[in-house]
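# Observations on chain architecture
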Amino acid sequence: MWNLTIKREKKFAAAMVPYWIIKGISKEEFCRNYNLNGDACPMGAAGFALARIDLEVIKTMGQPIGNGQTIELLMDDNDKSLFAITMDGYLSNEIIFDEYLSRNPYVLITTKGGFKTLPHPVIIDCK
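Quick summary incoming for the structure in this document. Just so we're clear, the structure is a prediction, and the values are computed from it rather than from any experiment.

About the criteria used
Every residue gets a number counted from 1 within its own chain, in the order that chain's sequence is written. Reporting of local features is limited, given that this is a predicted model, to residues whose pLDDT is at least 70; pairs of side-chain atoms are given and counted only at 80 or more, and all residues count toward the totals for whole chains, interfaces and linings. The side-chain numbers reported here are obtained from all heavy atoms of the structure, hydrogens and water having been left aside. The definition used for a disulfide is geometric: two cysteine sulfur atoms within 2.5 Å. Throughout this description, buried means an accessible area under 20% of the type-specific maximum (1.4 Å probe, protein chains only), exposed means over 50%, and partly exposed covers the range between. Stacked, tilted and edge-to-face are the three classes applied to pairs of Phe, Tyr and Trp rings, where Trp contributes its six-membered ring and a pair requires centres within 6.5 Å; stacked means planes under 30 degrees apart, edge-to-face means over 60, and tilted covers the rest. A run of DSSP states H or I qualifies as a helix once it reaches four residues; a run of E qualifies as a strand once it reaches two. Both are numbered from the N-terminal end.

### As for the state of the cysteines
Taken as a whole and assessed by the stated rule, the structure comprises zero disulfides. Not engaged in a disulfide, the cysteine Cys41 finds its nearest cysteine sulfur in Cys31; these two sulfurs lie 11 Å apart. A relative accessible area of 8% means that Cys41 is categorised as buried.

### Some remarks on the packing of aromatic side chains
Under the counting rule described, the total for this entry stands at three aromatic pairs. With 5.4 Å between their ring centres and 80° between their planes, Trp2 and Phe97 make a pair best called edge-to-face. Here Phe97 lies in helix H3 (residues 97-100) and Trp2 lies in strand E1 (residues 2-8), a separation of 95 residues in the sequence. Classification of Trp2 as partly exposed rests on a relative accessible area of 24%. Measuring from ring centre to ring centre gives 5.4 Å for Phe30 and Phe83, while their planes differ by 65°; the resulting arrangement is edge-to-face. Here the residue Phe30 occupies a position in helix H1 (residues 27-33), and Phe83 occupies one in strand E5 (residues 81-86), the gap between them amounting to 53 residues. Classification of Phe83 by relative accessible area gives buried; the value is 0%.

See below:
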């Protein structure tokens, strides 16, 4: 077991959009299990995300992280990666620990989009 520090950068565009951190399952396997194609959610005519996954699944599997919040997440030695997801099912990129953590035990999540496109999480490689 080990601790990983995760910071969600404070962004106005996604201040009200909750994110969850998913660990213990690869992004590919998660997408396969819940029939998700690609990272993006569809956008409705009013400009809001159309949910493509049940929120209860996300709440059960993930650790919430608020806008501007920093959390310490206890990682199991079997955890190989993590990614972030919005309440509607918009996925971030995936961080593979073997490649990433040898350089840094810290993860930074930022938000892209938010005005003309849907806000969505992006994990920044903090080299």
